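Topology and contacts: notes
One letter stands for each residue in the lines below.
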Amino acid sequence: MILLSRPAASRIREAAAAGAGTARVSLDLGRTEAEVVLEGEAVAFPDGQRVAVGELADVEANPESVYAVLEGAVEKVTWFSEETGRVYTLRATRGWPALEISGILMQRIKGVDPREDAAAKAAAVSPVRGRVLETCFGLGYSALHTARDAESVLVFEIDPNVIDMARLNPYSAPVFEAGSKIEVRQGDVAEEIQRLPGASFDVVVHDPPTLAIAGELYATAFYEQLHRVLKPRGRLFHYTGDPGSRNRKQDLPGRVAQRLGEVGFASIRREPAALGVSARKP
Ligand SMILES: C[S@@+](CC[C@H](N)C(=O)[O-])C[C@H]1O[C@@H](n2cnc3c(N)ncnc32)[C@H](O)[C@@H]1O
């Protein structure tokens, strides 16, 4: 699928204004470059679709949006699901795009791009070896990072809309390629984890949405399951988000660390670079 964001739209419009016959632009949000042909008022894409250059004005004017070229029209990559009542939007950044669910970002973009955010999470459990469990797929960025050194990565995602978004995101593509070490299972990890064998993972990366929208993924019962499925000496990284103030009420990393200790984790450490907490099963 051809995806456009501001840099590509600007370059096409500038080339058209200068009377050029072709332009080299990225049609996959900066992953690769391709040549488009300028034919008067229209731009012809490599897959044969043609769009009026004027239609790219919206793309240029909305730097945070991603647009798809579909049946000769340019459409924002966003949809509403009646089933979940949520809006899913792919959001352009300076690097890898982010996923927004009803206005809530699923990756960090402030002062860091989503790729660096995922790299920091993987680094918090490095060196990664053996079997990895990732609780929450999103766009698969942290799974892609842990998969580099892991034997295999099993990852759950509750929302099929999110998996659909990942399927059209160029930066998530390696997850679905033949030979990928990542297995994505659609389901609620809070339930599915109960069916996983004990002591079967070397590393767990727990990257849940905020406490306000996924309280069950911060509950003691869930932490007991994380502890159960880890092998002895297995490592956990738990994303908590902005550590905020050390005020007792707001100190989420502190509360998470305490509860991880209560279910048996040891070597519990704050990981400021990854905005979370790491721990080890004794
Ligand atoms: C913060 S994002 C994960 C980002 C991901 N690690 C990445 O690198 O792109 C959280 C994801 O967890 C999913 N989720 C929420 N509750 C879940 C549950 N109970 N089981 C599995 N996935 C869940 C959300 O739909 C969302 O896609």
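This write-up is about the structure you can find in this document. The structure presented is a predicted model; accordingly, all values stated were derived computationally and were not measured.

Of regular secondary structure, the chain possesses nine helices and 18 strands. Taking the principal axes of its C-alpha atoms as reference, the chain extends roughly 70 × 45 × 35 Å. Out of the 282 residues in the chain, the part that is buried amounts to 40%.

As a further point, take the pairing of strand S8 (residues 78-81). With four bridges connecting them, S8 and strand S9 (residues 86-91) associate as antiparallel partners. By the bridge assignment for S9, Trp-79 is matched with Tyr-88. Linkage of S8 to S9, two consecutive antiparallel strands, is achieved through a turn of four residues, within which Gly-85 is found at a positive phi near 70°.

So, about the nonpolar core. Formed by 80 residues in total, the largest nonpolar core has its most connected members in Ile-12 and Phe-137. Looking at which domains feed residues into this core, each of domain 1 (2-76) and domain 2 (108-280) supplies at least three. The residues contacting Ile-12, other than those within four sequence positions of it, are Ala-23, Val-25, Val-36, Val-43, Val-53 and Leu-56.

Lining the immediate surroundings of the ligand are 23 residues, of which Cys-136, Gly-138, Tyr-141, Val-189 and Asp-207 lie closest. Among the residues forming the shell around the ligand, the class breakdown is 15 nonpolar, four polar and four charged.

In this section: the sheet that holds strand S3 (residues 34-39). Spatially, four strands are ordered S2-S3-S4-S5 in an open sheet, and the strand pairing comes out antiparallel. Each edge of the open sheet carries a strand with a single partner, namely strand S2 (22-25) and strand S5 (50-52). With strand direction ignored, the average angle separating the axes of adjacent strands in the sheet is 30°. Strand direction decides the pairing type here: strand S4 (residues 42-44) and S5, joined by three bridges, are antiparallel. Residue Ala-42 lies in a different strand from S5, and its bridge partner there is Ala-52. Where helix H1 (residues 6-17) meets the sheet, it contacts S2, S3 and S4, and its direction lies at approximately 165° from that of S2.

The subject of this paragraph is unusual backbone geometry. When glycine is set aside, most residues are seen to have a negative phi, and most peptide bonds are trans. Following Ser-126, the chain continues to Pro-127 via a peptide bond in cis, the omega torsion being 0°. Phi is positive for Glu-71, which is not a glycine, with a value near 50°. Its place among the elements puts Glu-71 in the loop between strand S6 (67-70) and strand S7 (73-76). Notably, Arg-233 is not glycine yet its phi reads approximately 70°, a positive angle. Looking at the element boundaries, Arg-233 is found in strand S16 (residues 230-239). Residue classification places Arg-233 among the exposed positions, given that 11 C-beta atoms sit within 10 Å.

Rules of the game
- Residues numbered from 1 in each chain as written.
- Predicted model: local features only at pLDDT ≥ 70, side-chain atom pairs only at ≥ 80, totals over all residues.
- Helix = DSSP H or I, 4+ residues; strand = E, 2+ residues; numbered from the N terminus.
- Buried ≥ 20, exposed ≤ 12 C-beta atoms within 10 Å, placed from the backbone.
- Pairing = 2+ DSSP bridges.
- Core = buried A, V, L, I, M, F, W, Y, C linked by C-beta atoms within 7 Å.
- Domains from an automatic or database assignment.
- Contact = placed C-beta atoms within 7 Å.
- Near = placed C-beta within 6 Å.
- Nonpolar A, V, L, I, M, F, W, Y, C, P; charged D, E, K, R; others polar.
- Axes fitted to C-alpha atoms, helices over the stretch in contact; angles between N-to-C directions.

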